[in-house]
Every structure is written in C-alpha cells, then in structure tokens.
Amino acid sequence: CKKNNLRMASDASICNYAMDRIAQREGKRFDLDGEMACQGQVNQSLLDRLNAEMAPLQSRALSREWAEERILPLLAEGKSADLLATLVEHCAQQLGLHLPGSGSVLLSGGGARNSFLVDRIKHHTGMRVEVASEPLIDMKEALIFALLAFQKKHRRVNVLASATGAREDHCAGRIFFNTMR
C-alpha cells in the first residue's frame, strides 16, 4: 500500500511459520485448510501476548531467529488445536490492523490455502479478500527473487527504505552465474 506517497510493506505476523511448527507436533507438515485450528478455542491470554510482541516492532521484517526467541516459547504448551486457533486469530487481527480497511487485498502466501484463516482475515479487515491462483502461490517467491535479480542486473532500486527500515532506497544483492557446464 502507499502512505505519504511511499510504498509500504511489512510482515504482519509470523503466521505460517508458527502454525507449521504446531502442526508438525501432530505429525503433519501444516494445518491443511485450517482443519485443526477450526477445532480449537482461542486462548485470549496468549492472543494478547502475541499481539503485544508485534506492537513495538519498528521494522516489520520478521526473521526466523526472532520468532524462535520471542514467539515459539509462548507456544510451548497447550493443545495444538487451541494454539492454532489462537495463531489464526492473531494473524487475522494483525492484518486487520495493517491493511487500509477498504478496497481489496490479494492473499498469495501459503496461508491463502487455509480457508479458516482466509475467513478470519475477511472478518478482521472488512476488505474484499481475493486468493491468488495455485500457480502464483507456488511460484511467488521465485518470481519475487527473479524481479529482485532483474532490478540488480539493471542497477535499479530493489530495496525500499519505506518497506525495510533501511536508511535509503538502494540496489542490493549479488548475482552469481553458474560457470560449470
């Protein structure tokens, strides 16, 4: 989205990373379509703690290391279904806080395959929520990195200060060519 004529982007939560860890405790790679989460009850105390962890963040680019230090310990105990329900609600609430509240939004990450999460996002945003096609969901990261590499190759800005917390917009990264044939 744009704010003061600057493009803005951020991580709203650690949604899928944490949810996948909980599903893996139950022997599943992820919570397919939110089947486990919709069976659980939201733990309001945990939800408040998760939301409080997100509140002070200035740069909203979240890392695995940050999640392992600050969030995963909060999820160490409890029924998996309840933890998942709470994480879904947390993610949906965070998106509701950070999206403009009107218009439409395109969901294109792995969470777009979780209809329970999509329904909660619709509830908290009040926006028209569209889900990307399966090929786009599958190829999203590859397409983004291809765009970043294209920008780098042509010496164009590929890091926005307004989205990353960097001091200024700049062109970053390295391109490596495979010379082995």
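Scroll up for the structure.
Residues numbered from 1 in each chain as written. Predicted model: local features only at pLDDT ≥ 70, side-chain atom pairs only at ≥ 80, totals over all residues. Heavy atoms only, no water.

Undergrad: Quick rundown of the pairing of strand β3 (residues 104-107)? Include the residues and the values.
TA: Where burial is concerned, the two faces of β3 differ: the one with Val105 and Leu107 is buried and the one with Ser104 and Leu106 is not. Taken together, the four bridges between β3 and strand β4 (residues 128-131) define a ladder with parallel strand orientation. The partner of leucine 106 across the bridge, within β4, is glutamate 130. Crossover β3 to β4 through helix α5 (residues 115-125) is right-handed. (Buried < 20%, exposed > 50% of the residue type's maximum accessible area, 1.4 Å probe, protein only. Helix = DSSP H or I, 4+ residues; strand = E, 2+ residues; numbered from the N terminus. Pairing = 2+ DSSP bridges. Right-handed = clockwise from strand over helix to strand, strands pointing away.)

Undergrad: Tell me about α5, and name the residues and values.
TA: An α-helical turn contains 3.6 residues, so a residue and the one three or four places further along point in the same direction. If you check which residues of α5 are buried, you get Leu117, Val118, Ile121 and Thr125. Buried positions in α5, seen along its axis, are confined to an arc of 100 degrees and lie on one side of it. Summarising the contacts, the buried residues of α5 are in contact with α1 (15-25), α4 (80-98), β3 and β4. Phi turns positive, to about 70 degrees, at glycine 126, one or two residues after α5. (Arc of directions from axis to C-beta. Contact = heavy atoms within 4.5 Å.)

Undergrad: Outline helix α6 (residues 134-153), listing residues and values.
TA: End to end, α6 covers 29 Å across 20 residues, agreeing with the expected 28 Å (1.5 Å per residue, within 8%). By the largest-angle criterion, lysine 140 marks the main kink of α6, which is about 55 degrees. Arginine 155 lies just past α6 and shows a positive phi near 55 degrees. (Expected span 1.5 Å × (residues − 1). Bend = angle between axes of the 7 residues up to and from the residue.)

Undergrad: Help me get a handle on the nonpolar core, residues and values and all.
TA: In this structure, Ile14, Met19, Trp66, Leu75, Leu87, Leu117 and Ile121 are the most contacted members of the largest nonpolar core, which totals 36 residues. Looking at which element gives the most residues to this core, the answer is α4, with seven residues. For isoleucine 121, the contacting residues outside a window of four places in its chain are Ala92, Leu95, Leu107 and Val129. (Core = buried A, V, L, I, M, F, W, Y, C linked by side-chain atoms within 4.5 Å.)

Undergrad: Now, about the side chain of asparagine 114: what can you tell me, with residues and values included?
TA: Assignment of secondary structure puts asparagine 114 in the loop between β3 and α5. A polar side-chain atom of asparagine 114 sits 3.0 Å from the main-chain amide nitrogen of leucine 117. With sequence-adjacent residues up to four places away left out, asparagine 114 is seen in contact with Met19, Asp31, Asp33 and Gly34. (Polar contact = N/O pair within 3.5 Å; in protein donor to acceptor, adjacent residues only side chain to side chain.)

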